[in-house]
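Spelled out from the first residue to the last, the chains are:
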Amino acid sequence: MRNETSPNASPHLTRYAWLAIYTALATISLKIGAYWLVDSVSLLSDAMESTVNLVAAIVALFALKLAAKPADSAYTFGRSKAEYFSAALEGAMIFGAAALIIFMAIARMLNPSSLENFGLGLLISTISSVINLLIGLYLVQAGKKHSSPALQADGHHLLTDVITTTGVLLGIGLIWLTGWHILDPIIAILVALNIIYIGIGLIRNSLAGLLDATLPEAENRVIIDILHQFRKPHISFHGLQTRTAGQIRYINLDVQVPGSWTVQQGHDLAIEIEDAILAKLSPADIQIHIEPIEDPISYADIPQGYIPIDDADALSPSSPA
């Protein structure tokens with residue numbers, strides 16, 4: 001069946017990855033400057049999180065370029081799942097960064113030191129946080145629009161960085177007011193724990209994509225609603241299966257029509273259904289299997305894992321819709 005999965009039909013997404021790289025470079029520079037001014041291990045931990053963002057953005061750039069390559073004889077379904085490896089690698093890198101932060105924080109606890117240049121350091125970190133907030137929101141929006149897990153992961157990374165920086169700034173401000181310098185390594189450890197939590201989420205989402213998890217419930221509902229519009233006494237549906245691979249949605253479906261229909265009639269109906277789905281969910285690869293509604297065998301080939309369309313989807317062969 002026809003589909004809209006060609007890279008030419010989707011915007012070139014590498015420009016977003018380059019934006020994430022430039023943003024990470026800018027914020028790393030600012031945060032390292034703040035660390036040198038204040039000599040705060042919590043500010044250093046914040047800068048290390050941005051370093052993870054930089055490496056992740058570079059990995060995402062290569063993943064997006066790989067995913068954009070057209071299908072060939074070696075990869076007949078394309079390479080769209082490359083984006084999931086990018087998000088999984090980001091999660092793994094986060095654990096390494098968190099471990100290093102905790103190590104440095106413990107070292108600071110054992111060898112405490114006073115902080116200085118609070119005002120200028122806080123100002124520089126605030127500027128970096130505003131940059132991350134604006135670019136992070138933009139990347140998440142772009143990732144959702146283009147169904148790109150790599151871009152969404154980069155965007156959420158930056159937004160989480162904002163939360164981390166905000167917590168660090170509040171902690172540094174509290175140290176400034178109270179003189180409790182022991183709070184600095186404690187804040188760094190809290191930052192590390194937050195980073196670990198983010199990494200677990202990224203890896204979980206990546207594994208779901210690699211294991212062919214179904215489309216989000218809202219998108220499955222869109223497909224079912226469209227099928228209801230085509231349902232008639234002599235037209236029925238079952239065996240709906242969906243999955244996603246990077247930017248591409250894959251949809252499999254059995255359509256039951258009168259056995260007396262010509263091949264052209266069945267083909268025309270399939271095209272109408274495809275067009276209706278693609279108008280709502282694109283890009284997508286839609287495979288429709290036409291079956292005679294009167295034949296009991298048509299009800300015996302429903303796959304073990306499928307999405308019920310409605311009660312009629314569970315009808316027995318002896319009582320066709």
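Residues numbered from 1 in each chain as written. Predicted model: local features only at pLDDT ≥ 70, side-chain atom pairs only at ≥ 80, totals over all residues. Heavy atoms only, no water.

Colleague: What should I look at first to understand the overall build of the protein in this one?
Modeller: Across its full length, the protein carries 8 helices and 3 strands. With 321 residues in all, the protein has 48% of them scored as buried. Residue pairs at least 24 apart in sequence account for 76% of intrachain contacts in the protein once pairs closer than 6 positions are excluded. (Helix = DSSP H or I, 4+ residues; strand = E, 2+ residues; numbered from the N terminus. Buried < 20%, exposed > 50% of the residue type's maximum accessible area, 1.4 Å probe, protein only. Contact = heavy atoms within 4.5 Å.)

Colleague: Help me understand the pattern of salt bridges, please; the structure alone is not making it clear to me.
Modeller: Between side chains of opposite charge, a pair can form as their charged atoms come close. On inspection of all chains with the given rule, the structure shows 4 salt bridges. Notably, a salt bridge pairs glutamate 219 with arginine 249, separated by 2.9 Å at the nearest N-O pair. Pair noted here: glutamate 219 is in helix α7 (residues 217-230) and arginine 249 is in strand β2 (residues 248-257), with a separation of 30 residues, a long-range link. Arginine 249 gets classed as buried once you look at its relative accessible area, which sits at 8%. (Salt bridge = Lys/Arg side-chain N within 4 Å of Asp/Glu carboxyl O.)

Colleague: Explain the sheet that holds strand β3 (residues 284-292) to me, please; I cannot follow it from the model alone.
Modeller: Strand pairing in a sheet takes place through backbone hydrogen bonds and is either antiparallel or parallel in direction. Within the open sheet, the 3 strands sit side by side as β1-β2-β3. Their pairing is mixed. Bordering the open sheet on either side are β1 (236-245) and β3, each of which pairs with just one other strand. Looking at each pair of strands side by side, their axes are set apart by 10 degrees on average, direction ignored. Sheet topology note: the β2/β3 ladder contains 9 bridges and is parallel. Across the sheet, the residue bridging to arginine 249 is alanine 284, located in β3. (Pairing = 2+ DSSP bridges. Axes fitted to C-alpha atoms, helices over the stretch in contact; angles between N-to-C directions.)

Colleague: I tried to follow the nonpolar core on my own but got confused; where do I start?
Modeller: For soluble globular proteins, nonpolar side chains are generally found buried alongside one another. By size, the foremost hydrophobic cluster in this structure holds 30 residues, and its most contacted members are Leu43, Ile172 and Ile175. In terms of residue count, the dominant contributor to this core is helix α6 (residues 183-210) (8 residues). Filtering out sequence-adjacent residues up to four positions away, leucine 43 remains in contact with Ala34, Tyr35, Val38, Ser125, Val168 and Ile172. Counting 24 residues, the second-largest nonpolar core is a separate cluster that includes Ile251, Leu253, Ile286 and Ile288. (Core = buried A, V, L, I, M, F, W, Y, C linked by side-chain atoms within 4.5 Å.)

Colleague: Looking at this structure, how should I read helix α8 (residues 263-280)?
Modeller: One full turn of an α-helix is made of 3.6 residues, so residues set three or four places apart face in the same direction. For α8, spanning 18 residues, the distance from its first C-alpha to its last is 26 Å, which sits close to the expected 26 Å at 1.5 Å a residue. Of the surrounding secondary structure, the elements contacted by the buried residues of α8 are α7, β1, β2 and β3. (Expected span 1.5 Å × (residues − 1).)

Colleague: I'm lost on the environment of isoleucine 196 in this one. Help?
Modeller: Looking at the element boundaries, isoleucine 196 is found in helix α6. Between the alpha carbons of isoleucine 196 and glycine 96 there is a distance of 9.1 Å; along the sequence they are 100 residues apart. Contacts of isoleucine 196, omitting those with residues within four sequence positions, involve Ile94, Phe95 and Ala98.

Colleague: What should I look at first to understand the pairing of β1 in this one?
Modeller: Two faces make up the sheet, and in a regular strand the side chains alternate between them. Most of β1 is tucked away, with 8 of its 10 residues classed as buried. As paired elements, β1 and β2 share 8 bridges and run antiparallel to each other. Bridge pairing links threonine 244 to arginine 249 in β2.

Colleague: I keep staring at unusual backbone geometry and nothing clicks. Help me out?
Modeller: Peptide bonds are mostly trans, and most non-glycine residues show a negative phi. Residue proline 283 follows serine 282 across a cis peptide bond; omega there is 5 degrees. Tracing the sequence through the fold places proline 283 in the loop between α8 and β3. Here the phi dihedral of aspartate 39 falls at roughly 60 degrees; this positive angle occurs in a residue that is not glycine. Inspection of the secondary structure assignment puts aspartate 39 in the loop between α1 (14-38) and α2 (41-67).

Colleague: How do you make sense of the side chain of glutamine 256 when you look at a structure like this?
Modeller: One can find glutamine 256 in strand β2. Its relative accessible area of 1% is what places glutamine 256 among the buried residues. Those residues in contact with glutamine 256 that sit more than four places away from it in its chain are His234, Ile235, Ser236, Phe237, His238, Glu291, Ile293, Ser298 and Tyr299.

Colleague: Hey, could you run me through the packing of α1 against helix α4 (residues 118-145) in this one?
Modeller: Two quantities define a packed helix pair, namely the angle between the axes and the distance from one axis to the other. Contact geometry of α1 with α4 gives a least axis separation of 9 Å together with a crossing angle of 165 degrees. When the axis of α1 is compared with that of α4, the two are roughly antiparallel. α1 and α4 meet at a crossing whose hand is left-handed. Classifying every residue of the contact of α1 with α4 by side-chain character gives 16 nonpolar, 6 polar and 1 charged. (Parallel < 35°, antiparallel > 145°, perpendicular 65-115°, else oblique. Left-handed = near helix turned anticlockwise from the far one by under 90°. Nonpolar A, V, L, I, M, F, W, Y, C, P; charged D, E, K, R; others polar.)

Colleague: Sorry if this is basic, but what is going on with the packing of aromatic side chains here?
Modeller: For any two aromatic rings, the description comes down to two numbers: the centre-to-centre distance and the angle of the planes. Considering all chains together, one arrives at 2 aromatic pairs under this definition. Considering the side-chain rings of tyrosine 16 and tyrosine 138, the 5.8 Å spacing of their centres and the 50 degrees angle between planes classify their relative orientation as tilted. Of this pair, tyrosine 16 sits in helix α1 while tyrosine 138 sits in helix α4, placing them 122 residues apart in sequence. A relative accessible area of 40% places tyrosine 138 in the partly exposed class. (Phe/Tyr/Trp six-rings, centres within 6.5 Å; stacked < 30°, edge-to-face > 60°.)

Read these as layout, nothing more, since geometry by itself doesn't imply function.
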